[in-house]
Amino acid sequence: MYPLIISLVGLLLIVMIGYNIIQQYKQKAETERRISVSKQHATITEVDELLLFSTKIPFSKALLLILKNRIRNALYIMINISPTTASYREHFADTEAQIKQIKENYVAPSPSSLQVP
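Caption draft 1: Layout of the nonpolar core. I44, L51, I71 and M78 are the most contacted members of the largest nonpolar core, which totals 16 residues. Every element with two or more residues in this core is listed here: α1 (2-52), α2 (61-81) and α3 (86-105). Considering each element in turn, this core owes the most residues, eight residues, to α2. If sequence neighbours within four positions are ignored, I71 has contacts with I44, V47, D48, L51, H91 and T95.

Caption draft 2: Representation of α3 in the model. Between its first and last C-alpha atoms α3 spans 28 Å; for 20 residues at 1.5 Å apiece the expected length is 28 Å, and the two agree. Taken as a whole, α3 has its buried residues at Y88, T95, I99 and I102. An end-on view of α3 places all buried positions within 65° of arc, on one side of the element. Opposite the buried face of α3, at more than 90 degrees from it, the exposed residues are E90, K100, E104 and N105. Buried residues along α3 sit in contact with α1 and α2.

Caption draft 3: Inspection of the side chain of T95 at higher detail. The topology assignment puts T95 in helix α3. Apart from residues no more than four positions distant in its own chain, T95 is found in contact with K68, I71, R72 and L75.

Caption draft 4: How the structure looks around the environment of E46. With respect to the helices, strands and loops of the structure, E46 is situated in helix α1. Separated by 23 residues in the primary sequence, E46 and N69 place their C-alpha atoms 13 Å from one another.

Caption draft 5: Broad picture of the environment of H91. Residue position: H91 is located in helix α3. Distance from H91 to I71, taken between C-alpha atoms, is 9.4 Å for residues 20 residues apart in sequence. Those residues in contact with H91 that sit more than four places away from it in its chain are I44, I71 and L75.

Caption draft 6: Structural detail: α1. Across its 51 residues, α1 extends 75 Å between first and last C-alpha, which sits within 8% of the 75 Å expected from 1.5 Å per residue. Of the residues making up α1, those classed as buried are V37, Q40, T43, I44, V47 and L51. Where α1 is buried, its residues contact α2 and α3.

Caption draft 7: Examining a nonpolar patch on the surface more closely. Nonpolar side chains collect at one region of the surface, where M1, Y2, I5, I6, V9, L13, I17 and I21 lie side by side and expose about 920 Å² of accessible area between them. Among the secondary structure elements, L13 is positioned in helix α1.

Caption draft 8: How the structure looks around the pattern of salt bridges. Per the counting criterion, the structure on display carries three salt bridges. For E96, the salt bridge identified is with R72, shortest N-O distance 3.4 Å. A residue pair is termed long-range when its members are at least 10 positions apart, and E96 in helix α3 and R72 in helix α2 qualify at 24 residues. You can call E96 partly exposed: its relative accessible area is 31%.

About the criteria used
Residues numbered from 1 in each chain as written. Predicted model: local features only at pLDDT ≥ 70, side-chain atom pairs only at ≥ 80, totals over all residues. Heavy atoms only, no water. Core = buried A, V, L, I, M, F, W, Y, C linked by side-chain atoms within 4.5 Å. Buried < 20%, exposed > 50% of the residue type's maximum accessible area, 1.4 Å probe, protein only. Helix = DSSP H or I, 4+ residues; strand = E, 2+ residues; numbered from the N terminus. Contact = heavy atoms within 4.5 Å. Expected span 1.5 Å × (residues − 1). Arc of directions from axis to C-beta. Patch = residues over 30% accessible without salt bridge, like charges linked within 9 Å, V, L, I, M, F, W, Y side chains within 5 Å. Areas by Shrake-Rupley, 256 points an atom, 1.4 Å probe, with all protein chains shown as cover. Salt bridge = Lys/Arg side-chain N within 4 Å of Asp/Glu carboxyl O.

Okay, structure coming up:
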């Protein structure tokens, strides 16, 4: 009788330890996912701030494409990390459209349009 009770208690301890290990792994994975998404979001925010200066300082077509591609790449990573978030997909599609528009219709601003920020 005692060996059966002791073995059941031991089995219960093993199950509890296994459950805690799985739970900690899931929490760690979720934390890493959030950190990665926040890094990509920070990248997008920084690039958007740079693009705000394009009204004051004339940016070349190549520079605008580099910045827009950086946003697109960050959004691509965010979509891969969180595929269920629809806002990332919408932003990605908008960025793709902007890149296409820049490639097809970009007109370089004149150097006289430079304004002191």
